[in-house]
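Architecture and fold: a report
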Amino acid sequence: MSRRPRRNHTAAFKAKVALAALKSEKTLLELAQQFDVHANQITQWKSQLLEGAAGVFGGESKGEPAEAAVDVKTLHAKIGQLTLENDFLEGALTKAGLLSARR
């Protein structure tokens, strides 16, 4: 018996299957046959849906915010370092005659 290649399901498909499992109109085995996925996978998607449902209504979410927190002090230090390096190189190049003073 050969193995089936790994499949990637869309979020919409997972939600559809999980909602069908929540309705409890069919058993897990019937849903597994209907959607051609394993029953354990349906159970996992169902539990993920229930865990994330509170986030839909503005509750606390376990995931990180959409934008990662930026360390402003580190960024300012890096900007200062780069400015200092640019000023130093500009002065050295001007003295060497490789950079025009008109700039």
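Positions within a chain are numbered from 1, following the residues in the order the chain's sequence is written. Per-residue local features are limited, in this predicted model, to residues with pLDDT of at least 70; the limit for side-chain atom pairs, both in listing and counting, is 80 or more; totals at the level of whole chains, interfaces and linings are taken over all residues. Hydrogens and waters are ignored; side-chain quantities use all the structure's heavy atoms.

Looking at an unreviewed UniProt entry, one finds the protein named Transposase, with Granulicella aggregans as its source organism.

1. Quick word on the pattern of salt bridges
Basic side-chain nitrogens of Lys or Arg form a salt bridge, by our definition, when they fall within 4 Å of a carboxyl oxygen of Asp or Glu. Inspection of the entire model under this criterion finds one salt bridge. The partner of Asp36 in a salt bridge is Arg7, and the shortest N-O contact between them spans 3.3 Å. Linking Asp36 in the loop between helix 2 (28-35) and helix 3 (39-56) with Arg7 in the segment before helix 1 (11-23), this pair joins segments that are 29 residues apart in sequence. Each residue gets one of three labels from its accessible area relative to the maximum for its type: buried under 20%, exposed over 50%, partly exposed in between, using a 1.4 Å probe on protein chains only. The exposure class assigned to Asp36 is partly exposed, which follows from its relative accessible area of 39%. Accessibility expressed as a relative area gives 36% for Arg7, which makes it partly exposed. Labels follow the DSSP assignment, with helices taken as runs of H or I lasting at least four residues and strands as runs of E lasting at least two, numbered in each case from the N terminus.

2. Digging into unusual backbone geometry
Residues other than glycine seldom take positive phi values, yet Ser24 does so here, at roughly 60°. Positionally, Ser24 belongs in the loop between helix 1 and helix 2. For Ser24, a relative accessible area of 55% translates into the label exposed. Positioned with a positive phi, Asp36 is a non-glycine residue whose angle comes to about 60°.

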